[in-house]
Amino acid sequence: MSMKKEPSALELPLLLFFLLSAAGWLWEVLFVRLSTGQTVNRGFFHGPWLPVYGAGGLLILLLLSHLCGARLMALSALLGGGVEYSASLLLEGLFHTRWWDYSAWPLDLNGRICLGSLAAFAGAGWVLVRLLGPALAQELSRLPRPLRTGACRVLCALFVLDAALSLVHPNTGAGISFPA
């Protein structure tokens, strides 16, 4: 009996979700650091991940990988903006708190999304589909299966624990959140 070398159906998407969530967290922390001089742990969760980036990035990879050019960028902007707007509504509805507000940005929609964030989603979607996504998936699939499986288990366990903690005690404070 030979050992299966291909990743399970969920390993690569899960690992991509966590990588994109961590990349989003790093982006936000660096953006706030460069714009305010403060280092803050951004987002609702306590760990180094922003699932809105992981979910948006994974949806872009799964739904838009067959596209290119302007269509890819436009739909990435719409999909990313939809995920961001929905997450904002959900979090505010549950916790009466906002973790971001684009009200001061040009062409915002209820402070939840703005032209700048949509443009970032458009560019990030193109980079993700045309460059990063395929390369990341290829590198992750090269990892030994036990390592991939173990990483998925550990990351999922940490994520579930963080989600449970964050539902009871969301990550809030100066530079992180504000009352809605």
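Each remark here, short or long, concerns the structure printed above.
Computed from a predicted model, the values in this text were never measured in an experiment.

What counts as what
All residue numbers here refer to positions counted from 1 along the written sequence of the relevant chain. A pLDDT threshold of at least 70 governs which residues receive local features in this predicted model, and a stricter bar of 80 or more applies before side-chain atom pairs are shown or counted, although totals over entire chains, interfaces and linings include all residues. With hydrogens and water excluded, all non-hydrogen atoms of the structure serve as input to the side-chain values. Only Phe, Tyr and Trp rings take part, Trp by its six-membered ring, and two of them pair if their centres are within 6.5 Å. Stacked means planes under 30 degrees apart, edge-to-face means over 60, and tilted covers everything else. In this description a helix means any DSSP run of H or I spanning at least four residues, a strand means any run of E spanning at least two, and both kinds are numbered starting from the N terminus. Only protein chains enter the accessibility calculation, which uses a 1.4 Å probe; a residue is then buried when its area is under 20% of its type maximum, exposed when over 50%, and partly exposed in between. Whether a charge sits over a ring depends on NZ of Lys or CZ of Arg being within 6 Å of the ring centre and within 35 degrees of the ring normal. Throughout, nonpolar core names a set of buried Ala, Val, Leu, Ile, Met, Phe, Trp, Tyr and Cys residues whose side chains join them through atoms within 4.5 Å. Every residue pair with non-hydrogen atoms within 4.5 Å of one another is taken to be in contact. Fitted lines through C-alpha atoms serve as axes, helices being fitted only where they are in contact, and the angles separating the N-to-C directions of these axes extend from 0 to 180 degrees. Just so you know how the angles are binned, under 35 degrees is roughly parallel, over 145 roughly antiparallel, 65 to 115 roughly perpendicular, and the rest oblique. In this scheme the crossing of two helices becomes right-handed for a clockwise turn of the near helix relative to the far one and left-handed for an anticlockwise turn of less than a right angle. Under the scheme applied here, ten amino acids are nonpolar (Ala, Val, Leu, Ile, Met, Phe, Trp, Tyr, Cys and Pro), four are charged (Asp, Glu, Lys and Arg), and all others, including Gly, are polar. A cavity here means a set of points on a 1 Å grid, drawn over the protein atoms and nothing else, where a 1.4 Å probe fits but cannot get out; a pocket is an open set with protein on both sides within 12 Å along at least five of seven lines, and a residue lines either one if it has an atom within 4 Å of a point. Grid points are joined across faces, edges and corners, and a volume is the space filled by probe spheres set on the points.

## Some remarks on the packing of aromatic side chains
- For the coordinates displayed, the defined rule picks out 13 aromatic pairs.
- Pairing Phe-44 with Trp-99 gives two aromatic rings, centres 5.4 Å apart and planes at 85°, and the pair type is edge-to-face. Residue Phe-44 is found in the loop between helix H1 (11–36) and helix H2 (51–64), and its partner Trp-99 is found in the loop between strand S1 (97–98) and strand S2 (108–109); the two are separated by 55 residues along the sequence.
- Take Phe-44: its relative accessible area is 9%, and that puts it in the buried class.
- Taking relative accessible area as the criterion, Trp-99 reaches 4% and is therefore assigned buried.
- Ring plane angle 85° and centroid distance 5.6 Å describe the contact between Tyr-102 and Trp-105, whose orientation is recorded as edge-to-face.
- A relative accessible area of 13% means that Tyr-102 is categorised as buried.
- Put simply, the rings of Phe-17, Phe-18, Phe-44, Phe-45, Trp-49, Phe-95, Trp-99 and Phe-159 touch in pairs and so form one group of aromatic residues.
- Seen from the ring of Tyr-85, Arg-112 lies directly overhead, with NZ or CZ sitting 5.6 Å from the centre.

## Here's the deal with the nonpolar core
- If you look at the biggest cluster of nonpolar residues, it comprises 31 residues, and the most contacted ones within it are Phe-44, Phe-45, Leu-61, Leu-91, Trp-99, Trp-100 and Phe-159.
- Going through the elements one at a time, H1, H2, helix H3 (69–95), helix H4 (115–142) and helix H5 (145–168) are the ones with two or more residues in this core.
- The dominant element in this core, judged by the number of residues it contributes, is H1, at seven residues.
- When neighbours within four sequence positions are excluded, Trp-99 is seen to be in contact with Arg-42, Gly-43, Phe-44, Leu-91, Pro-170, Asn-171, Thr-172, Ile-176 and Ser-177.

## A look at the packing of H1 against H2
- Relative to each other, H1 and H2 sit at 130°, their axes nearing to 7 Å. The angle between H1 and H2 places the two elements in the oblique class. Seen along the crossing, H1 lies across H2 with a hand that is right-handed. Contacts between H1 and H2 involve Pro-13, Leu-16, Phe-17, Leu-20, Ser-21, Gly-24, Trp-27 and Glu-28 from the first element and Pro-51, Tyr-53, Gly-54, Ala-55, Gly-57, Leu-58 and Leu-61 from the second.
- Class assignment for the residues of the contact of H1 with H2 results in 10 nonpolar, four polar and one charged.

## Observations regarding the side chain of Glu-28
- Assignment of secondary structure puts Glu-28 in helix H1.
- Those residues in contact with Glu-28 that sit more than four places away from it in its chain are Arg-42, Leu-50 and Tyr-53.

## Quick notes on unusual backbone geometry
- Of note, Leu-107 is a non-glycine position whose phi angle comes to about 55°, a positive value.
- Within the element layout of this structure, Leu-107 appears in the loop between S1 and S2.
- Judged by relative accessible area, which is 66%, Leu-107 ranks as exposed.

## Section: the layout of surface pockets
- Its boundaries defined by the atoms lining it, the largest pocket holds a volume of some 1,400 Å³.
- What lines the largest pocket is a set of 49 residues, among which Gly-24, Trp-27, Glu-28, Leu-50 and Tyr-53 lie closest to the centre.
- Within the residue set of the lining of the largest pocket, elements represented by two or more residues are H1, H2, H3 and H4.

So far we have only geometry, and geometry alone does not tell us how the molecule works.
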